[in-house]
Amino acid sequence: MKQFVIKEFLHIFRDVRSMVILFGMPLVQVLLFGYAITNEVKDVRVSVIDQSYDYASQAVVNKLFASGYFLKGEHINSTREIEESFRKGKNKMVVVIEPGFAGKLETGQQPTIQLIADASDPNTANLLVSYASGIINAYSRELVPAGNIPVIVPESRMLYNPSLMSVYMFVPGIITILLMLVSAMMTSISIAREKELGTMEVLLVSPLKPFQIVAGKVMPYVLLSFINAGSILILSYYIFNVPINGSLLLLLGETILFILLALSLGIFISTISNNQQTAMMLSMFALMLPTILLSGFIFPIENMPAVLQWFSLIMPPRWFITIIKSIMLKGSGIEYFWKETLILAGMTLIFILASVKKFKIRLA
Amino acid sequence: MSDISVYGEGLVKNYGKTEALRGISFLVNKGEIFGFIGPDGAGKTTLFRILTTLLLPDAGHATVEGFHVVKDFRHLRTILGYMPGRFSLYQDLTVEENLKFFAGIFKADISENYYLIKDIYDQIAPFAKRRAGKLSGGMKQKLALSCALIHKPEVLILDEPTTGVDAVSRREFWEMLIRLKNQGITILVATPYMDEAILCDRVALMQHGNIMASGTPDQIIASYPHRLFSIKSDQTLELLSLIRQMTGIHSAEMFGGNIHVSASNALTGIKEIEDFLRSHDFRHFELEEISPGIEDCFIDFMKMNQAS
């Protein structure tokens, strides 16, 4: 057993590919998601068509540009020019203020401000509109004394990520993806490799029990995945200042649970694939894509068609992302996500049982 | 009964519609080298996988050292030494690491059993720090044998251990097997090389999932029913088609550069063949009567099987 674990470590350390996946990947992913793939709103070009040009409308405009999110874009005079400026990419959003803005405010009517955004990039457009409405709402609250509310103010505060830092949202996702990749893919490939190279034949004709083979395979990856998760946390804490508001111990505990789940999934995959190629493809399609697409990491689950929403219920990453977001960003304790934890534990058990049952003690 | 090491009866194994083993039976005595001789596809690997508990036979049963290959597979896996046909060590581990690993999984003590592999391992010891994948074919086989032996197995099962190995290494390898036999280990060897048959104590000639004949190499050769002649010529192909037309000839086959001609009756002799060739204007040839080798026997059995 000890020899088996030593051997497994040697395999990993001598294979350039494994080493890159294990240690290069976390670094690249964190930096990539942290810096490059960002959907933060900063210095976006916005133009204003102020049809009243009075003290109130100017105050709104000043508030908008003072926020730091928006920059004055190409000046346009009428609503007819909006489309062209979008097409040229000169503006991402145009704010249209109706005539008689101040007058309407004073007489208690509800003046309107139109926010027209270039929705060819829907995520950004969404963000722009909600930022702008936030600023306008804040202004209207300033104007009107409490108790007398002429403008309907929908409160939309950005909870937990008040500045909408995208990196806060990405870190839990990256940890999940990487653990999935390292744990599931690497174990499934490494077991499939034994089959492909014929060494499984020799292992089987030895006193080793299936449990020992599997445990020996898995142990190094538990350790390495754990180191991985730790290094992502450290990276994101020091480089992107992502907070860890909850208990670190709890976070690490849940991480280990998820690693075990991913590993048992990997073993399960390897029991049904006979070579490295199949194992790789299965982990890619069965694990990676759903992890990225269906876990709520990039696309909100609430916006998915009902079928995909049900489907996302069986995605382990979905539950894990919920858990680590709660711990890291909300700082909540186990009482808030014991259900998710239980689901993960249940899935782990199912996969371990399934793979022990499917593990072949003979060839073919 | 206690003299029997491996026993198989009516073993059948099919892969889909392909019949790999068609009900073969055999006995291997303790402490002998038993060779399964036959070309690729004869069923040797399938048979060995059944004996090493890796495959379940479709019919028939087999025991190794008295243990049933299906029911007692756990125990068998502790007393077998198995070397698959394909090089099955870890290529990215060094020679030393491979040996340590296999000693480890069998819970064997290297220094305690070192005497068994000393002759073999000493030859590769200078390369102990080299990765197994970088060894030559002969050295790989020596390492694989060392790893299969390190737990001191009672029965050693070697699937084509000398395939792809140079002639010198092959000879050395067989010398080692004979030394191991003297240590009391029963050895089963599969090989496509007919010339290795005479190095075995007893052999079984296999073809298409059947055992055509078995016994000591001498018994098999003695059972060869024909007089056999070897003809050497620089026009081998013409000679072959010509001699096949001769009456009183059982068969004529190419053997390297020579032609082996077997007579269908005792009347056909050197003189008759010589006269036949000369009467067809064939002058330059060397003709002699020879005693058959295993390969001659194998081909003869093969022809009998096809005829029946």
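Structural notes, computed from the coordinates. Please read all numbers here as calculations on a predicted model, not as lab measurements.

1. Description of the overall build of chain B
Alright, step 1. From N to C terminus, chain B includes ten helices and 14 strands.
Alright, step 2. Seen through its principal axes, chain B has C-alpha atoms that stretch 70 × 45 × 35 Å.
Alright, step 3. Every one of the 308 residues in chain B was classed for burial, and the buried ones make up 53%.
Alright, step 4. The long-range share in chain B, meaning contacts at least 24 apart out of those at least 6 apart in sequence, stands at 70%.
Alright, step 5. Accessible surface, chain B: about 13,600 Å² in total, of which carbon and sulfur atoms supply 50%.
Alright, step 6. Chain B carries 32 positive and 38 negative side-chain charges, and their two centres are separated by 7 Å.

2. A look at the overall build of chain A
Alright, step 1. Summing up its helical and strand segments, chain A has 14 helices and four strands in all.
Alright, step 2. Computed over its C-alpha atoms, the radius of gyration of chain A comes to 27 Å, more than 25% above the 21 Å expected for a compact globule of 364 residues.
Alright, step 3. Along the first, second and third principal axes, the C-alpha set of chain A runs to 90 × 45 × 40 Å.
Alright, step 4. Restricting the contact set of chain A to residue pairs at least 6 apart, pairs at least 24 apart contribute 76%.
Alright, step 5. Surface exposure of chain A reaches about 17,800 Å², of which carbon and sulfur atoms provide 65%.
Alright, step 6. Across chain A, the centroid of the 28 positively charged side chains sits 13 Å from that of the 23 negatively charged ones.

3. Regarding a nonpolar patch on the surface
Residues and elements named next belong to chain A.
Alright, step 1. There is a patch of nonpolar side chains on the surface, built from Leu 27, Val 28, Leu 31, Leu 32, Tyr 35, Ile 234, Tyr 237, Tyr 238 and Ile 239 and spanning about 900 Å² of accessible area.
Alright, step 2. Mapped by element, the contributors of at least two residues to the nonpolar patch are helix H2 (16-36) and helix H9 (210-239).
Alright, step 3. Among the elements that make up the nonpolar patch, the one with the highest residue count is H2 (five residues).
Alright, step 4. Assignment of secondary structure puts Tyr 238 in helix H9.

4. Here we look at the side chain of His260(B)
Alright, step 1. For His260(B), the position within the fold is in strand S13 (residues 258-263).
Alright, step 2. When neighbours within four sequence positions are excluded, His260(B) is seen to be in contact with Leu228(B), Phe229(B), Ser230(B), Ser251(B), Ala252(B), Glu253(B), Phe255(B), Ile290(B) and Asp296(B).

5. Structural notes on the pairing of strand S1 (residues 4-15) of chain B
Residue and element names in this part refer to chain B.
Alright, step 1. In this structure, S1 lies alongside strand S2 (residues 18-29), joined through nine bridges in antiparallel fashion. Bridge pairing in S2 places Gly 8 opposite Phe 26.
Alright, step 2. In this antiparallel pair of consecutive strands, S1 and S2, the connection spans two residues, and Gly 16 shows a positive phi of 60°.
Alright, step 3. Direction of pairing for S1 relative to strand S4 (residues 59-64): antiparallel, over a ladder of five bridges. Residue pairing across strands places Gly 8 opposite Ala 62, the latter belonging to S4.

6. A word on the packing of helix H10 (residues 248-272) of chain A against helix H14 (residues 338-358) of chain A
Residues and elements named next belong to chain A.
Alright, step 1. Contact geometry for H10 and H14: axes closest at 8 Å, N-to-C directions at 30°. It follows that H10 is roughly parallel to H14 by the angle criterion. As for the relative orientation of H10 and H14, their crossing is left-handed in sense. Across from Glu 254, Leu 257, Leu 260, Leu 261, Ser 264, Leu 265, Ile 267, Phe 268, Thr 271 and Ile 272 in H10, the residues of H14 making contact are Thr 341, Leu 344, Ala 345, Met 347, Thr 348, Phe 351, Ile 352, Ala 354, Ser 355 and Lys 358.
Alright, step 2. Here the contact of H10 with H14 is built from residues that sort into 13 nonpolar, five polar and two charged.

7. Side note on the nonpolar core
Alright, step 1. Of all hydrophobic cores here, the largest spans 149 residues; its most connected members are Leu47(B), Leu51(B), Leu145(B) and Leu177(B).
Alright, step 2. With residues near it in sequence (within four places) discarded, Leu47(B) still touches Leu11(B), Leu21(B), Ile24(B), Phe26(B), Phe36(B) and Met206(B).
Alright, step 3. Counting residues in hydrophobic clusters, the runner-up holds 22 residues, among them Phe65(A), Leu127(A), Leu128(A) and Ile136(A).

8. A word on the sheet that holds strand S4 (residues 113-117) of chain A
Residue and element names in this part refer to chain A.
Alright, step 1. With mixed pairing, the four strands of this open sheet are ordered in space as S2-S1-S3-S4. In this open sheet, the two edge strands, each paired with only one partner strand, are strand S2 (70-72) and S4. Across this sheet, the average inter-strand angle for adjacent strands is 30°, counted without regard to direction.
Alright, step 2. Where strand S1 (residues 44-50) lies against strand S3 (residues 93-97), five bridges are found, and the strand directions are parallel. Bridge assignment links Ile 49 to a residue of S3, and that residue is Val 96.
Alright, step 3. Helix H3 (residues 55-66) rests against S1, S2, S3 and S4 of the sheet, and its axis sits at about 180° to S1.

9. Observations concerning the interface of chain A and chain B
Alright, step 1. Counting from both sides, the interface comprises 26 residues of chain A and, opposite them, 31 residues of chain B.
Alright, step 2. Both faces combined, the contact of chain A with chain B buries some 2,700 Å², and carbon together with sulfur accounts for 61% of it.
Alright, step 3. Ranking the residues of chain A by area buried against chain B places Arg14(A), Val205(A) and Arg362(A) at the top, with a combined share of 27%.
Alright, step 4. The tally of links from chain A across to chain B stands at three salt bridges.
Alright, step 5. In this structure, the salt-bridge partner of Glu201(A) is Arg49(B), at a minimum N-O distance of 3.1 Å.
Alright, step 6. In this assembly, chain A and chain B are joined by eleven residue pairs in polar contact (both at pLDDT 80 or more).
Alright, step 7. Of all elements in the fold, only helix H1 (2-14), helix H7 (166-197) and helix H8 (199-204) of chain A reach the threshold of two or more residues within the side of chain A that touches chain B.

What counts and what doesn't
- Residues numbered from 1 in each chain as written.
- Chains lettered and ligands numbered in written order.
- Predicted model: local features only at pLDDT ≥ 70, side-chain atom pairs only at ≥ 80, totals over all residues.
- Heavy atoms only, no water.
- Helix = DSSP H or I, 4+ residues; strand = E, 2+ residues; numbered from the N terminus.
- Buried < 20%, exposed > 50% of the residue type's maximum accessible area, 1.4 Å probe, protein only.
- Contact = heavy atoms within 4.5 Å.
- Areas by Shrake-Rupley, 256 points an atom, 1.4 Å probe, with all protein chains shown as cover.
- Lys, Arg positive; Asp, Glu negative; His and termini not counted.
- Charge placed at Lys NZ, Arg CZ, Asp CG, Glu CD.
- Rg over C-alpha atoms; globule rule 2.2 N^0.38 Å.
- Patch = residues over 30% accessible without salt bridge, like charges linked within 9 Å, V, L, I, M, F, W, Y side chains within 5 Å.
- Salt bridge = Lys/Arg side-chain N within 4 Å of Asp/Glu carboxyl O.
- Pairing = 2+ DSSP bridges.
- Axes fitted to C-alpha atoms, helices over the stretch in contact; angles between N-to-C directions.
- Parallel < 35°, antiparallel > 145°, perpendicular 65-115°, else oblique.
- Left-handed = near helix turned anticlockwise from the far one by under 90°.
- Nonpolar A, V, L, I, M, F, W, Y, C, P; charged D, E, K, R; others polar.
- Core = buried A, V, L, I, M, F, W, Y, C linked by side-chain atoms within 4.5 Å.
- Buried area = accessible area lost by both parts, 1.4 Å probe.
- Polar contact = N/O pair within 3.5 Å; in protein donor to acceptor, adjacent residues only side chain to side chain.

Such coordinate-based values are descriptive only and should not be taken to indicate function.
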